[in-house]
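Chain and residue survey
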Amino acid sequence: MATVQDPEIREFLTRGTRTGMLAYSAGDGRPLVAPVWFVLEGSEIVFNTGKNTAKGRSIARDPRVSLCVDLPEPPYGFVQVQAEASISEDPAELLRTATSLAERCMGRERAEEFGRRNAVPGELVVRLRPVKVVANLDMTA
């Protein structure tokens, strides 16, 4: 079974500034999908979201989510991570992860600025512990 520790999958997930598409459930059970910035920390995928957003409320209610990251040009590919989420509001962890996310997506020169902007009360650190990973890194083969 594939894991986020597999070198090819890890490289796919960490290359550039790819955005993950998070699948979760609305309060009435409807499936929803939203983009998230993410980073890998060990075997976990980490992102931030607001506590009172649809994502934040859904994860608090039901921690089962999926994250799909794709490569939209040849050779086309994707990694889908089915996971159990945990949340934290710890201010130090929030600042650290918000800054790490900003460095990946906005660059080192703006990481501290975006980290401080996004590490505020009402924000959550979300950690995804993979349960199953499905990947096809070259759909043209």
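Residues numbered from 1 in each chain as written. Predicted model: local features only at pLDDT ≥ 70, side-chain atom pairs only at ≥ 80, totals over all residues. Heavy atoms only, no water.

As for the overall build of the protein
Regarding its fold elements, the protein presents four helices and seven strands. Computed over the C-alpha atoms, the radius of gyration of the protein is 15 Å, within 12% of the 14 Å expected from 2.2 N^0.38 for a compact globule of 141 residues. Principal-axis analysis of the C-alpha atoms places the extent of the protein at approximately 45 × 40 × 25 Å. Among the 141 residues that make up the protein, the fraction classed as buried is 38%. The contacts in the protein between residues at least 6 apart in sequence include a share of 69% that link residues at least 24 apart. A total of about 7,600 Å² of accessible surface is found on the protein, and carbon and sulfur atoms cover 53% of it. Separation of charge centres in the protein, based on 18 positive and 19 negative side chains, amounts to 4 Å. (Helix = DSSP H or I, 4+ residues; strand = E, 2+ residues; numbered from the N terminus. Rg over C-alpha atoms; globule rule 2.2 N^0.38 Å. Buried < 20%, exposed > 50% of the residue type's maximum accessible area, 1.4 Å probe, protein only. Contact = heavy atoms within 4.5 Å. Areas by Shrake-Rupley, 256 points an atom, 1.4 Å probe, with all protein chains shown as cover. Lys, Arg positive; Asp, Glu negative; His and termini not counted. Charge placed at Lys NZ, Arg CZ, Asp CG, Glu CD.)

Side note on the UniProt feature "domain: Pyridoxamine 5'-phosphate oxidase N-terminal" (unreviewed entry) in the protein
Within this numbering scheme, the UniProt entry marks residues 6–133 as carrying the feature "domain: Pyridoxamine 5'-phosphate oxidase N-terminal" (unreviewed entry). In this annotation, residues 6–133 is assigned 34% helix and 41% strand; the end-to-end C-alpha distance for the span is 10 Å. (UniProt positions renumbered as here; feature names shortened; annotations may be inferred.)

Focus: the packing of helix α3 (residues 91–106) against helix α4 (residues 108–118)
Between α3 and α4, the shortest axis-to-axis distance is 7 Å and the interhelical angle comes to 140°. Here α3 lies oblique to α4, going by the angle between them. Our pair here, α3 against α4, has a crossing hand that is right-handed. Of the residues in α4, those in contact with Leu-95, Ala-98, Thr-99, Ala-102, Glu-103 and Met-106 of α3 are Arg-108, Glu-109, Arg-110, Ala-111, Glu-112, Phe-114, Gly-115, Arg-116 and Asn-118. Of the residues assigned to the contact of α3 with α4, the class counts are six nonpolar, three polar and six charged. (Axes fitted to C-alpha atoms, helices over the stretch in contact; angles between N-to-C directions. Parallel < 35°, antiparallel > 145°, perpendicular 65-115°, else oblique. Left-handed = near helix turned anticlockwise from the far one by under 90°. Nonpolar A, V, L, I, M, F, W, Y, C, P; charged D, E, K, R; others polar.)

Topic: the pairing of strand β5 (residues 64–71)
A one-sided burial pattern is seen for β5, the buried positions being Val-65, Leu-67, Val-69 and Leu-71 and the unburied ones Arg-64, Ser-66, Cys-68 and Asp-70. One ladder, built from eight bridges, connects β5 with strand β6 (residues 77–88); its direction is antiparallel. By the bridge assignment for β6, Val-69 is matched with Val-79. With antiparallel pairing between neighbouring strands as the criterion, β5 and β6 make up a hairpin whose turn holds five residues, including Tyr-76 at a positive phi of roughly 55°. (Pairing = 2+ DSSP bridges.)

Things to note about the packing of aromatic side chains
As enumerated under the stated definition, the model contains zero aromatic pairs in all. Taking NZ or CZ as reference, Arg-104 lies 4.6 Å from the ring centre of Phe-38, over its face. (Phe/Tyr/Trp six-rings, centres within 6.5 Å; stacked < 30°, edge-to-face > 60°. Lys NZ or Arg CZ within 6 Å of the ring centre and 35° of its normal.)

Structural notes on the nonpolar core
If you look at the biggest cluster of nonpolar residues, it comprises 25 residues, and the most contacted ones within it are Leu-13, Leu-22, Ile-45, Phe-47, Val-65, Leu-67 and Leu-128. Broken down by secondary-structure element, the contributors of at least two residues to this core are α1 (7–14), β1 (20–25), β2 (31–36), β4 (44–50), β5, β6 and β7 (123–136). In contact with Phe-47, not counting residues within four places along its chain, are Leu-22, Val-36, Trp-37, Phe-38, Ile-59, Leu-101, Leu-124, Val-125, Val-126 and Leu-128. (Core = buried A, V, L, I, M, F, W, Y, C linked by side-chain atoms within 4.5 Å.)

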